[in-house]
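In case you want the letters, here they are:
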Amino acid sequence: MLLPVNPADGRAVSAQPADAQRPVWALAADHFTAWRHEDPAALDRLVRLLTPVLWHIVRAYGLTRESAEDVIQATWLALISHASSIVDHQSVMRWLTTTVRREAWRVARERDRERVAEPDVLELAIPAAAGPDGPVLTNRAAAVLWRHVHQLSQRCQRLLRVVAFDSRPDYASLATELGVSIGSIGPTRRRCLDKLRALLAGDREWCDS
Amino acid sequence: MNTDEALLGLLREAWEEADPVPPQLVDRVLFGLQLADLEYELLRLSYLAEPAGVRGESAVTTVTFSSKRLTVMLMLPAAADPVRRVDGWISPAGARRLEAITASGRSEVVAGLDGRFSFTAVPAGLFQLIIHPVAGGPAGERPLVTPALQL
């Protein structure tokens, strides 16, 4: 379970005991430092902590489940081989999320090119993403929210999914991937959230919940 | 639901439930990292055919991995398949040493001159293949490794 993190200062919003008070990126930095100091179990903890985050980021780029897994495995292996180049341990989460996004974006673009070239493979390449009628969410508010997320533009859905799981994404690479300037990431994020709020405001079930 | 953080928190919950992390993903990553000390090149997934069984026959999943130098195709048994074997072939063909890392340890075979090979009595669980460089091949050639696969 991830902690709600305030993007302004990266601190955990909720008041929960012990580790739960520390933001994810700080826990990641702790594990990375411990691992670099010859504690092999710390790598285990780092993988358990951040693999779910990487999953949701990669899936935001529309990769199939198999491709997403492939990209995540490659990213962890890249961390092992580049570990000595990560001097600032506080930035290990950013290193991982940036690496995984760059790779997911590359794979998604390659796949899109192939789709144009070979219409036969279209069926296979369509991600098994759950549509509005797909999953049955147990949390009622989340279920109502889910109905409206799909009405947002692809760009909004991708951006919101990335920032929902990574409160401090690297803006430069994100801007390239979304096809916007660095300066417009913040305003785009705001517009996407406002659009979602507007959709929710028109939903009676949401207002009642 | 007024703050951005609260809304993003709810979005996170929705995505966690609607598109959950595969239950074995972390284990597969950790399994794959066992080889992290080895200097190797990771093969990338290039094609995956969903299980295609015919009238009650066990379904076989075909998966292809490739690098610039080599392509390997693997035919994986279905989960319920009593015959636990993994057949495959490499291209370009050559008598390369192939090593499987499985839940019960490592085993080795040598590919035939036509590039074919098989591992028999493969246990359920994770499976990973190492393709060693040919003896007398180019200097500095690294082993090729597939990502870990769930059998």
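Residues numbered from 1 in each chain as written. Chains lettered and ligands numbered in written order. Predicted model: local features only at pLDDT ≥ 70, side-chain atom pairs only at ≥ 80, totals over all residues. Heavy atoms only, no water.

Caption draft 1: A look at the overall build of chain A. Along its length, chain A carries ten helices and zero strands. From first element to last, N terminus to C terminus, chain A shows the α and β order α-α-α-α-α-α-α-α-α-α. Residue pairs in contact within chain A that sit at least 24 positions apart in sequence constitute 57% of those at least 6 positions apart. Here chain A has roughly 10300 Å² of accessible surface; of this, 53% comes from carbon and sulfur atoms. (Helix = DSSP H or I, 4+ residues; strand = E, 2+ residues; numbered from the N terminus. Contact = heavy atoms within 4.5 Å. Areas by Shrake-Rupley, 256 points an atom, 1.4 Å probe, with all protein chains shown as cover.)

Caption draft 2: Region of interest: the side chain of A:T51. Checked against the element boundaries, A:T51 lands in helix α2 (residues 40-59). Overall, A:T51 belongs to the buried group, its relative accessible area being 0%. Leaving out residues up to four positions away in the same chain, A:T51 has contacts with A:I72, A:W76, B:L25 and B:V26. (Buried < 20%, exposed > 50% of the residue type's maximum accessible area, 1.4 Å probe, protein only.)

Caption draft 3: Highlighting the nonpolar core. Membership of the largest hydrophobic core comes to 83 residues, with the highest contact counts inside it found for A:L50, A:Y61, A:L63, A:I72, A:W76, A:L145 and A:L160. The dominant element in this core, judged by the number of residues it contributes, is α2(A), at ten residues. Those residues in contact with A:L50, other than ones at most four positions away along the chain, are A:V24, A:A28, A:W76, A:M93 and A:L96. Within the second largest apolar cluster, 21 residues are counted, among which are B:F119, B:V122, B:L129 and B:L149. (Core = buried A, V, L, I, M, F, W, Y, C linked by side-chain atoms within 4.5 Å.)

Caption draft 4: Structural context of the confidence of the model for chain B. Residue and element names in this part refer to chain B. Counting all residues, the mean pLDDT for chain B is 85, and 90% of those residues have values of 70 or more. Taking the mean pLDDT of every element in chain B, the minimum, 83, falls on strand β2 (residues 44-49) and the maximum, 96, on strand β8 (residues 116-119). Listed scores for the predicted complex are pTM 0.70 and ipTM 0.79. (pLDDT = per-residue confidence, 0-100.)

Caption draft 5: Main features of the interface of chain A and chain B. The interface of chain A with chain B comprises 56 residues on the first partner and 38 residues on the second. If you sort the residues of chain A by the area they bury against chain B, A:D70, A:Q73 and A:L77 come out on top, with a joint share of 14%. On inspection of chain A and its partner chain B, the count reaches nine salt bridges. For A:R190, the salt bridge goes to B:D4, with nearest N and O atoms at 2.7 Å. Between chain A and chain B we count 13 residue pairs in polar contact (both at pLDDT 80 or more) in total. Put simply, the parts of the chain that give the side of chain A that touches chain B at least two residues each are α2, α3 (65-82), α4 (92-117), α6 (140-149), α7 (154-165) and α9 (185-201) of chain A. (Buried area = accessible area lost by both parts, 1.4 Å probe. Salt bridge = Lys/Arg side-chain N within 4 Å of Asp/Glu carboxyl O. Polar contact = N/O pair within 3.5 Å; in protein donor to acceptor, adjacent residues only side chain to side chain.)

Caption draft 6: Here's a closer look at the confidence of the model for chain A. This prediction gives chain A a mean pLDDT of 83; 79% of its residues lie at or above 70. For the stretch residues 118-133 of chain A, pLDDT sits under 50, and the model shows 22 contacts to residues farther than four places along the chain or on other chains.

Caption draft 7: Representation of the packing of α2(A) against α3(A). All names here are of chain A. Interhelical geometry of α2 versus α3 gives an angle of 140 degrees and a closest axis separation of 10 Å. In terms of axis orientation, α2 runs oblique to α3. The two elements α2 and α3 cross, and the hand of that crossing is right-handed. Together, L43, L46, V47, L50, T51, L54, W55, V58 and R59 of α2 and R65, A68, E69, V71, I72, W76, L79 and I80 of α3 make up the contact between the two elements. Its residues placed into classes, the contact of α2 with α3 shows 13 nonpolar, one polar and three charged. (Axes fitted to C-alpha atoms, helices over the stretch in contact; angles between N-to-C directions. Parallel < 35°, antiparallel > 145°, perpendicular 65-115°, else oblique. Left-handed = near helix turned anticlockwise from the far one by under 90°. Nonpolar A, V, L, I, M, F, W, Y, C, P; charged D, E, K, R; others polar.)

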